[in-house]
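So you can see what is in the structure, the chains are spelled out below.
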Amino acid sequence: MGKKPYYLTTAIAYTSGKPHIGNTYEIVLADAIARYKRFQGYDVRFQTGTDEHGQKIELKAEEKGITPKQFVDEISKEIKRIWDLMNTSYDKFIRTTDSDHEEQIKKIFKKLYEQGDIYKGFYEGMYCTPCESFFTSSQLVDGKCPDCGRECQPAKEEAYFLKLSKYQDRLMKHIETHPEFIQPESRKNEMVNNFLKPGLQDLCVSRTSFQWGIPVDFDPGHIVYVWIDALSNYITGLGYDAEGNSGELFEKFWPADLHLIGKDILRFHTIYWPIMLMALGIPLPKQVFGHPWLLQNDGKMSKSRGNVIYADDLVEQFGVDAVRYFVLHEMPFENDGVITWELMVERMNSDLANTLGNLVNRTISMSNKYFGGIVENKGVADSMDAELKAVAEAAPGKVTAKMEELRVADALTEIFILFKRCNKYIDETEPWLLAKDEEKKDRLATVLYNLMEGIRIGANLLSSFMPETAEKILEQIHAEKCEMADLAGFGQYVSGTKVTEKPEILFARLDVDEVMKTVMARQEEKTAEPEAPVIDIPPKEEITFDDFMKMQFQVGEIIACEEVKKSKKLLCSQIRIGSEVKQIVSGIKAYYKPEDMIGKKVMVLVNLKPAKLAGVLSEGMILCAENEKGELAIVVPDKDMPAGAEIC
């Protein structure tokens, strides 16, 4: 009987630029899950890749003076380099520009059209450029984008549409009868209450306003829009064929056991994608997990905010496995995690250098000092051995239970509970005192054997999360890497084994001040570029000085701020301007936390006509700068100015 198949996928990375550590977290998380499934004895298929079509890519390539294909080749190569740097064990790296993928997308689109699930029509409505989204007039909030609160422009475009509404009830029933389908639970509730219950509108799945995409081969001028193109990678990468000639991999591994994605793209994977699969007559994936974000202290990472941390910079400073440990251990199950250089140093010193590194080093060193490196089980037991053995024997089951729930941070914690118990065992047994009494030599040997067995079990469990470190530990104690089935019972370490003579320091303690000096020097070096990036925008109609004088700009101080509950992108701020307080709603939730806004001095357009955004009154506008990706940064005074100061 062969191994049970397990198919795991990530979202495919958009080829707009180099991925930061927040983007990289997902591939490391997926890799830990894939490795653990292999450790459990599964036949794992792990797929990742890059999403390479779309208007943004076309524009970026044009700015650089190269073709879109040249642009995505460059970025895809960089993404793959980062994934490889992080020691991820994917089986397939798919690109949506792969010829076999493109061919199947054409077939899928045609199949859905011919069976009536895609139809041709016109899109006439309002278009929000930063959100790249169409809205009907009824969906707008006070005439503005319901997501970001910015102006929308009228748009009319011939397009094909996918009949989401046709499958809405069937999808709702599937979610109700498969409670594990969308995880965590809070994400499922969000999808059902915010999207399915209000009713689905048919989805635009082709575009004519740009060319960089897979052509609709039976209707020149149309290209397949991102939804069908990108989402279908999960089946095209297995050799799915829309004409019924799918390959062995598809027959073996579909449906996927787990789609691992960021919480911000859950709607596409739990509504659009399942409906496409239903229309194709293909089973739905067993589970879609929307993981939280890894944030900097001051919010979501973005280049425009200057708070980006890249994986290769972290690896250069701490090493691959230390970075893997941090991003996996510091990310809660549902809530966003935080990464800073200072926190990395703290974890490096406490968990990796002290708890793990010191345990392995001193256990091997004592074995060499007292027994010439020979580790033997002399069977001289003591009552204090029982708890160590109990913790070690329970660890595989506890780690597996956490991994089954995708609580990866908790699984790592269980492994380190074992390492901490080993350190406590050393303090309890005091091997250095046993070594002074010749009659207690056999007891000393047994203590060191028990420690080595605890380390062996812990290292094998650790191999999915920190593979290089686990391998180093097992090499030093001359133990074989094994699968989960071989960890049953305490006492599998071969008595009489000789450990290495000179144990390697796994993790060295670091000085936080020295690390920060290095980080700052590296950042200064990177920012000392001869030319700063610029953005050209289309000029607006000229205005007179009198037109300008009609607008009243003042400095405002934010005294309170909260999220607008009906919107994903809006914050509501109370802003003191002179002796008056105005309430202003802004589409900046993706870039600023409410608590970080309080106390900021901002530039405000004061005499803007009041309007309601998502049902909340807004009495002005906070001025922001916007980069080419639509990311926002608040414009602030260069010097400290009093609230109410006129901007002229």
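Scroll up a little and you will see the structure.
Values in this document were obtained by computation on a predicted structure and should not be read as measured data.

Student: Sorry, what's going on with the sheet that holds strand β11 (residues 214–215) here?
Tutor: The strands that make up a sheet are held in pairs by hydrogen bonds between backbone atoms, and each pair lies either parallel or antiparallel. Spatially, the 3 strands line up as an open sheet ordered β10-β12-β11, and their pairing is antiparallel. Each having just a single partner strand, β10 (206–207) and β11 make up the two edges of the open sheet. Bridging between β10 and strand β12 (residues 223–224) involves 2 bridges; their strand directions are antiparallel. In the strand pairing of β12, Ser206 is matched with Val224.

Student: I would appreciate a short explanation of the sheet that holds strand β5 (residues 118–128) in the present structure.
Tutor: Here we have 4 strands laid out as an open sheet, ordered β6-β5-β7-β9, and antiparallel in their pairing. Whereas interior strands pair on both sides, the edge strands pair on one side only; in this sheet they are β6 (133–135) and β9 (203–204). Judged from the 3 bridges that link them, β5 and β6 form a sheet pairing that is antiparallel. From the neighbouring strand, Met126 faces β6, where its bridge partner is Phe135.

Student: Looking at this model, I keep getting lost on the environment of Ile75. Mind explaining?
Tutor: Note on placement: Ile75 falls in helix α3 (residues 68–85). In this structure, the C-alpha to C-alpha distance between Ile75 and Asp410, residues 335 residues apart in sequence, is 34 Å. Among residues more than four places away in sequence, those in contact with Ile75 are Thr15, Ser16 and Gly17.

Student: Help me understand the packing of aromatic side chains, please; the structure alone is not making it clear to me.
Tutor: Ring pairs (aromatic) are described by centroid distance and by the angle formed between their planes. Scanning the model with the defined rule gives 26 aromatic pairs in all. Summarising the aromatic geometry, the rings of Trp227 and Tyr272 are spaced 5.3 Å apart at their centres and angled 70° between planes, so their arrangement reads as edge-to-face. Within this pair, whereas Trp227 is found in helix α7 (residues 226–231), its partner Tyr272 is found in helix α10 (residues 266–280), the two being separated by 45 residues in sequence. The pair formed by Trp227 and Tyr272 is uniform in burial state, with each residue classed as buried. Taking 5.2 Å as the distance between ring centres and 55° as the angle between the ring planes, the aromatic pair formed by Tyr240 and Phe250 counts as tilted. Here Tyr240 is found in the loop between α8 (233–236) and α9 (248–253), whereas its partner Phe250 is found in helix α9, with 10 residues between them in sequence. Site record: aromatic cluster; members linked through ring pairs are Tyr7, Tyr234, Tyr240, Phe250, Phe253, Trp254 and Trp273. The ring of Tyr225 carries the charged tip of Arg207 above its face, separated from the ring centre by 5.1 Å.

Calculation criteria
Residues numbered from 1 in each chain as written. Predicted model: local features only at pLDDT ≥ 70, side-chain atom pairs only at ≥ 80, totals over all residues. Heavy atoms only, no water. Pairing = 2+ DSSP bridges. Helix = DSSP H or I, 4+ residues; strand = E, 2+ residues; numbered from the N terminus. Contact = heavy atoms within 4.5 Å. Phe/Tyr/Trp six-rings, centres within 6.5 Å; stacked < 30°, edge-to-face > 60°. Buried < 20%, exposed > 50% of the residue type's maximum accessible area, 1.4 Å probe, protein only. Lys NZ or Arg CZ within 6 Å of the ring centre and 35° of its normal.

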